[in-house]
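Chains, contacts and geometry: an overview
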Amino acid sequence: MRVEVHPAEHWADVVAAELAATLGRPGGARVCLATGSTPAPVYRRVPAALAALGLDAGASIVVLLDEYVGLPPDDPARCDAQLRSQLIERLHPPPAFVPIPVDDLPPAAAAAALDRVAAAGLDLAIVGLGLNGHVGMNEPGSAPSAPTRVVEIAPITSRVAVERYGATAAPTAGVTLGIDRLLGAAELWLVVSGAAKADMLRAVLEQPPDSARPASFLRRHPRLRVIADEPAARLLADRSPTRA
Ligand code: F6R
C-alpha cells in the first residue's frame, strides 16, 4: 500500500492528471469509477488535464462502480447521471460508458451484467470512502470476498443520497461491484478528501481489517494507492507528504 497526501488545494488536480494519463493511454484503458462528492472535482478537471497532456479518452471504457435501485433514470442522485454530467459528456471524443442496466433488467440481472464487464478485466478502479467505511455499496458486514450483487443500502448511505446528492426518494437498495472484483483490478486507488473522513480513514488504514469497515479489505490489493488530501489524512500516524 502506498499513501499519498496532497494539500487540499492541489489534491483534485493531482488525481485528475493521473486519471487523464490512464484514460489517454495508447489503446485506451478499462476504468471503473465511483461517483459522489469526493471524485466530482477530479472529474471536472479531467478534460483540461487530458488537453494538457495532448491526449484523449476516446479509446477507453468507463465502467460505473455502483447504482441505486428504484430511483428514476432522471434522478439527480443516480450514479450514471452524476458520471455522465461530471465526466463523460465533457470529454471529446468520449470514452465508451458502461452504466449499470437497472432500468432495463431485474436488479440481479443488472448485477450479473456489471460483473461480466468487470470480469473482462479492469486496468484501474477508483473508489471513495463512505462515512461508515463502505466502498462502492459494499456496506459494513461485507466480506473481502463479497461478489458483485444487489445490496441493501445502510440508513446513512440512503440519507446521504437524499441530503447530499438530491435523491427524490430515499433509496434502500443498490447494485455494486464486489470487493472481489475491486481486488482483481490491475490498479486500485482509494481517493479520500475532507476532514469528515479523517477518523474513518485512520481506522481503515491503521486498525486491523474488519468487515465493520469494508474499505479496510482494499489493503489486500498488492498495489493499493490511497490518495488523500491533508484534511482527510490529518489523523494518520505518518502524515509526511508521500509515504509507501
Ligand atoms: C459512489 C460510491 C460510494 C462513495 C462513498 C463516498 O459511487 O461508491 O461508496 O464513494 O459513499 O461518497 P462521497 O465521496 O460523496 O463522500
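Residues numbered from 1 in each chain as written. Predicted model: local features only at pLDDT ≥ 70, side-chain atom pairs only at ≥ 80, totals over all residues. Heavy atoms only, no water.

Moving on, we come to helix H7 (residues 198-206). When we look at burial in H7, the residues that qualify are Ala198, Met200, Leu201, Ala203, Val204 and Leu205. As for H7, its buried residues are in contact with strand E1 (2-6), strand E9 (187-192), strand E10 (225-229) and helix H8 (230-233). (Buried < 20%, exposed > 50% of the residue type's maximum accessible area, 1.4 Å probe, protein only. Helix = DSSP H or I, 4+ residues; strand = E, 2+ residues; numbered from the N terminus. Contact = heavy atoms within 4.5 Å.)

Glancing now at the environment of Ala228. In this structure, Ala228 sits in strand E10. Between the C-alpha atom of Ala228 and that of Ala8, which follows or precedes it by 220 residues, the distance is 8.6 Å. Non-local contacts of Ala228, meaning those with residues more than four positions away in its chain, are made with Glu4, Val5, His6, Trp11, Val192, Leu201 and Ala233.

Below, the discussion takes up the site of the ligand. Around the ligand lies a shell of 15 residues, among which Thr38, Asp66, His134, Gly136 and Tyr165 are the nearest. Asp66 places a side-chain nitrogen or oxygen 2.5 Å from an oxygen atom of the ligand. For the ligand, the accessible surface in isolation is 410 Å², of which the surrounding protein chains cover 92%. A majority-of-atoms criterion places the ligand in the largest pocket. A per-class count over the shell around the ligand returns four nonpolar, eight polar and three charged. (Near = heavy atom within 4 Å. Polar contact = N/O pair within 3.5 Å; in protein donor to acceptor, adjacent residues only side chain to side chain. Areas by Shrake-Rupley, 256 points an atom, 1.4 Å probe, with all protein chains shown as cover. 1 Å grid on protein atoms, 1.4 Å probe; cavity = no way out; pocket = protein on both sides within 12 Å on 5 of 7 lines; lining within 4 Å. Sits in = over half its atoms within 2 Å of the grid points. Nonpolar A, V, L, I, M, F, W, Y, C, P; charged D, E, K, R; others polar.)

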